[in-house]
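Analysis of the macromolecular model
Each chain, written out:
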Amino acid sequence: MLLNKYEQREKDALATSTELNELSRRSWEGRWIECEPFQHGWIRDWVLRGDVARRKDAEDFRRILKVIGTNQWAKEREFLGYSWAAWHRRRVPMDLPPLRPIDVRPDPFTGEETGWPKELPVSLKKWFYYHNVNAPFCNCYRRGQYYRPAHYVFKNPWMFELRIRPAYISRVPDVSGDMETKIARLEQHMEANQYWRLLSNMRGHSWRSSRRGDLRRTITKNQLDRELAEELP
């Protein structure tokens, strides 16, 4: 059965995006080479406060922090992000790196609680609050999240303090010139034929918030602007 032009276009868009994603994945999962370390931005994460680190049970809190702690990278030491409030792009301080809750759930056969990290003794649960599924008082997840699983959240975040340190890169991916050229050509093919827009529509997504624009419209506008500039004199 022969495909019509619309089905053929959708098929080509899917095949091109699949190949592009595979090449992009291979370019980052391939061989890495060592390089002279150089600084690239800053990292901030959580460490024990000085008085907590001197406690007899400080090792327990280090174990807890290893499980629930997160880190954050930024190009500037001030850790500024972008805000689109009132349609104006401005720099604002980034939210602090969160302390992860520990999700748990009942075993479907025995009904016993599962999900507690193996590296944490069960006795350390005394340092956590327990929140039921969709607890009305819980704000441990993103705002408006429909389903919030049962979880444990650390009671005393004040025991930790932020640490800011330089971020260094000591190895880089071994870039293949042929692969990078093929990736660039596939990206040009996707943009020139508006395949990103097509894939977004096929998946039922809005295109307004996409970072990719209409390349043909831009080319047409630039050509009209050049012709107008030539005619004006």
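Bear in mind the structure is a predicted one, so any value in this text is a computation, not a measurement.

Conventions and cut-offs
Note on numbering: residues in each chain are counted from 1, in written sequence order. The predicted origin of the model limits local features to residues at a pLDDT of at least 70 and limits the giving and counting of side-chain atom pairs to 80 or more, whereas totals for whole chains, interfaces and linings rest on all residues. Side-chain figures throughout are based on the complete set of non-hydrogen atoms in the structure, without hydrogens or water. Interaxial angle, 0 to 180 degrees, is taken between N-to-C directions of lines fitted to C-alpha atoms, where a helix line uses only the stretch in contact. Secondary structure counts use DSSP, requiring at least four H or I residues in a row for a helix and at least two E residues in a row for a strand, with both numbered from the N terminus. Roughly parallel refers to an angle under 35 degrees, roughly antiparallel to one over 145, roughly perpendicular to one between 65 and 115, and oblique to any angle outside these ranges. Working rule for contacts: check all heavy atoms of both residues, and any pair within 4.5 Å makes them a contact. Each residue gets one label: Ala, Val, Leu, Ile, Met, Phe, Trp, Tyr, Cys and Pro are nonpolar, Asp, Glu, Lys and Arg are charged, and the others, such as Gly, are polar. Two strands pair under a simple rule: DSSP has to find at least two bridges between them. The patches reported here contain residues having more than 30% relative accessible area and no salt bridge. Joining distances are 9 Å for like charges and 5 Å for nonpolar side chains (Val, Leu, Ile, Met, Phe, Trp, Tyr). With residues, only the protein chains shown are counted as cover, and all accessible areas are computed by Shrake-Rupley using a 1.4 Å probe. Every case where a carboxyl oxygen of Asp or Glu lies within 4 Å of a side-chain nitrogen of Lys or Arg is listed as a salt bridge. Residue exposure (1.4 Å probe, protein chains only): buried if accessible area is under 20% of the type maximum, exposed if over 50%, otherwise partly exposed. Nonpolar cores were defined as sets of buried Ala, Val, Leu, Ile, Met, Phe, Trp, Tyr and Cys residues, with membership established by side-chain atoms within 4.5 Å.

**What about the packing of helix α4 (residues 177–192) against helix α5 (residues 195–202)?**
Taken N-terminus to C-terminus, the directions of α4 and α5 make an angle of 70 degrees; their axes are 5 Å apart at the nearest point. In terms of orientation, α4 and α5 fall into the roughly perpendicular class. Of the residues in α5, those touching α4 at H189, M190 and E191 are Y195, W196 and L199. Here the residues of the contact of α4 with α5 sort into 4 nonpolar, 1 polar and 1 charged.

**A few points about the sheet that holds strand β5 (residues 102–103)**
Pairing in this open sheet of 3 strands is antiparallel, and the strands run β5-β9-β8 from one edge to the other. Looking at the sheet topology across the chains shown, the edges are occupied by β5 and β8 (128–131). Sheet contacts for helix α3 (residues 58–68): β5, β8 and β9 (151–154); angle to β9, the most-contacted strand, approximately 120 degrees.

**Considerations on a nonpolar patch on the surface**
Residues V133, Y146 and Y147 make up a contiguous nonpolar surface patch of about 410 Å² in total accessible area. When you line up the elements, V133 lands in the loop between β8 and β9.

**Considering the sheet that holds strand β1 (residues 32–48)**
The antiparallel open sheet is built from 3 strands, whose spatial order is β2-β1-β10. The open sheet is flanked by β2 (71–74) and β10 (160–173), the only strands paired with a single partner. Averaged over all adjacent pairs, the angle separating strand axes in this sheet is 35 degrees, with direction ignored. Pairing of β1 with β2, which is carried by 4 bridges, proceeds in the antiparallel orientation. Considered in β2, the bridge of I43 is made with W73. Along the sheet, α3 makes contact with β1 and β10, crossing β1 at roughly 120 degrees.

**Overview of the pattern of salt bridges**
Applying the stated rule across the entire model yields 9 salt bridges. For R163, the salt bridge identified is with D45, shortest N-O distance 2.8 Å. With R163 in strand β10 and D45 in strand β1, this residue pair connects regions lying 118 residues apart in the sequence. With relative accessibility at 9%, the residue D45 sits in the buried group. Across the pair R55 and D57 runs a salt bridge, and its minimum N-O distance is 3.0 Å. Taking the relative accessible area as the measure of exposure, D57 reaches 24% and is therefore partly exposed. When salt bridges that share partners are traced, they join D45, R163 and R165 into one network.

**Here we look at unusual backbone geometry**
In this structure, F79 is a non-glycine residue whose phi angle is positive, near 55 degrees. Topologically, F79 is positioned in the loop between β2 and β3 (80–83). Classification of F79 as buried rests on a relative accessible area of 1%. Its identity is not glycine, yet Q194 carries a phi of approximately 60 degrees, on the positive side. On the secondary structure map, Q194 appears in the loop between α4 and α5.

**As for the nonpolar core**
Within the largest apolar cluster, 21 residues are counted, with the highest numbers of intra-cluster contacts made by I64, F128 and F154. Residue assignment for this core shows that the elements contributing at least two residues are β1, α3 and β9. Among the elements that take part in this core, α3 stands out by supplying 6 residues, more than any other. Once residues lying within four places of it in the same chain are set aside, the contact partners of I64 are L120, L124, W127, F128 and F154. Grouped together as the second largest cluster of nonpolar side chains are 11 residues, I183, Y195, L198 and L199 included.

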